[in-house]
Amino acid sequence: MDSAPKTAGALIRERGGPTTSQELASIATVDMRANLGRLPPHSLEAEQGALSCCLLDPNEAIPALMEKTVQESFYDLRHQTLRKSLIEMFDERGSIDLITIQQHLKDRGQLEATGGLAYLSGLMEVAPSAHNMPEYLRVLREKLLLRKLGALCATTMSAIWSTEDAPDDLIN
């Protein structure tokens, strides 16, 4: 038999849920504290996969990238820079491959900030083919929406704790 003491949340759940507003507040505070220090939802693998597809098949993948993502779809700042550069190169009708993206970044003083040639070379190996681009874009969209929801919740909680207004005013 487990002799570990039960948490307040576990005891409340055993009873069928919180019964007082104080219990609800206690659970919410513990849940929020548990998430402090965690990174927002993201998938570095999906970000790398989408960029890999763009390098493998730029004529198919970059238009999809432009249509289905925004800069903030990429959590990693290196990936945001790479997305922007790939779109610039595509818009300029330039040839896009490992060497040209490297030169593009180097000319703008951004090569090392994006991980250098070694990182770019590694991106070429991430996706087995550009065929997987729709799935990577789906994951990026999902993670962006979760980050936006988290930001909205944080803003709402901040307003709740710092306001002296009536609850109806907060909702409106």
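Structure's up top.
Let me begin by describing the structure that accompanies this report. (Residues numbered from 1 in each chain as written. Predicted model: local features only at pLDDT ≥ 70, side-chain atom pairs only at ≥ 80, totals over all residues. Heavy atoms only, no water.)

## Some words on the packing of helix α5 (residues 77–91) against helix α6 (residues 98–107)
At step 1: The contact between α5 and α6 brings their axes to 10 Å, and the two run at 110°. Considering their axes alone, α5 and α6 lie roughly perpendicular with respect to each other. In this structure, α5 contributes Thr81, Leu82, Ser85, Leu86, Glu88 and Met89 to the contact, and α6 contributes Thr100, Ile101, His104 and Leu105.
At step 2: Partitioning the contact of α5 with α6 into residue classes produces five nonpolar, four polar and one charged. (Axes fitted to C-alpha atoms, helices over the stretch in contact; angles between N-to-C directions. Helix = DSSP H or I, 4+ residues; strand = E, 2+ residues; numbered from the N terminus. Parallel < 35°, antiparallel > 145°, perpendicular 65-115°, else oblique. Contact = heavy atoms within 4.5 Å. Nonpolar A, V, L, I, M, F, W, Y, C, P; charged D, E, K, R; others polar.)

## As for a nonpolar patch on the surface
At step 1: There is a patch of nonpolar side chains on the surface, built from Leu146, Leu149 and Leu152 and spanning about 280 Å² of accessible area.
At step 2: You can see leucine 149 is positioned in helix α8 (residues 133–162).
At step 3: The exposure class of leucine 149 is partly exposed, given its relative accessible area of 48%. (Patch = residues over 30% accessible without salt bridge, like charges linked within 9 Å, V, L, I, M, F, W, Y side chains within 5 Å. Areas by Shrake-Rupley, 256 points an atom, 1.4 Å probe, with all protein chains shown as cover. Salt bridge = Lys/Arg side-chain N within 4 Å of Asp/Glu carboxyl O. Buried < 20%, exposed > 50% of the residue type's maximum accessible area, 1.4 Å probe, protein only.)

## Section: unusual backbone geometry
At step 1: The phi angle at arginine 93 is positive, at roughly 60°, despite the residue not being glycine.
At step 2: Looking at where arginine 93 falls in the secondary structure, it is placed in the loop between α5 and α6.
At step 3: Among the residues examined, arginine 93 registers a relative accessible area of 70% and is labelled exposed.

## Structural notes on α8
At step 1: With 30 residues, α8 ought to run about 44 Å at 1.5 Å a step, and its terminal C-alpha atoms sit 43 Å apart, in line with that.
At step 2: Where α8 is concerned, the buried positions are Met133, Tyr136, Leu137, Val139, Leu140, Leu144 and Arg147.
At step 3: Residues of α8 that are buried make contact with α3 (44–56) and α4 (58–68). (Expected span 1.5 Å × (residues − 1).)

## Focus on α5
At step 1: With 15 residues, α5 ought to run about 21 Å at 1.5 Å a step, and its terminal C-alpha atoms sit 21 Å apart, in line with that.
At step 2: His79, Gln80, Leu82, Arg83, Ser85, Leu86, Ile87, Met89 and Phe90 are the residues of α5 that are buried.
At step 3: Of the surrounding elements, those touching the buried residues of α5 are α3, α4, α6 and α7 (116–124).
At step 4: Count one or two residues on from α5 and you reach arginine 93, which has phi positive near 60°.

## Details of the packing of aromatic side chains
At step 1: Counted under the stated rule, the structure contains zero aromatic pairs.
At step 2: The ring of tyrosine 119 has arginine 78 sitting right over it, with the charged end atom 4.3 Å from the ring centre. (Phe/Tyr/Trp six-rings, centres within 6.5 Å; stacked < 30°, edge-to-face > 60°. Lys NZ or Arg CZ within 6 Å of the ring centre and 35° of its normal.)

## Let's talk about the environment of aspartate 91
At step 1: In this structure, aspartate 91 sits in helix α5.
At step 2: For aspartate 91, a relative accessible area of 47% gives the class partly exposed.
At step 3: Along the chain, aspartate 91 and proline 63 lie 28 residues apart, while their C-alpha atoms are 9.9 Å from each other.

## Looking at the nonpolar core
At step 1: Ranked by size, the top nonpolar core spans 29 residues in total, and within it Leu82, Leu86, Ile101, Leu120 and Met133 carry the most contacts.
At step 2: If you list the elements that add at least two residues to this core, you get α3, α4, α5, α6, α7 and α8.
At step 3: The dominant element in this core, judged by the number of residues it contributes, is α3, at six residues. (Core = buried A, V, L, I, M, F, W, Y, C linked by side-chain atoms within 4.5 Å.)

## Details of a negative patch on the surface
At step 1: Together, Glu164, Asp165, Asp168 and Asp169 give the surface a local cluster of negative charge.
At step 2: For aspartate 169, the position within the fold is in helix α9 (residues 167–171). (Lys, Arg positive; Asp, Glu negative; His and termini not counted. Charge placed at Lys NZ, Arg CZ, Asp CG, Glu CD.)

## Comments concerning the side chain of serine 85
At step 1: By the secondary structure assignment, serine 85 is in helix α5.
At step 2: Judged by relative accessible area, serine 85 falls into the buried class, the value being 2%.
At step 3: Not counting chain neighbours up to four residues away, the residues in contact with serine 85 comprise Ile101, His104, Leu105 and Gln110.

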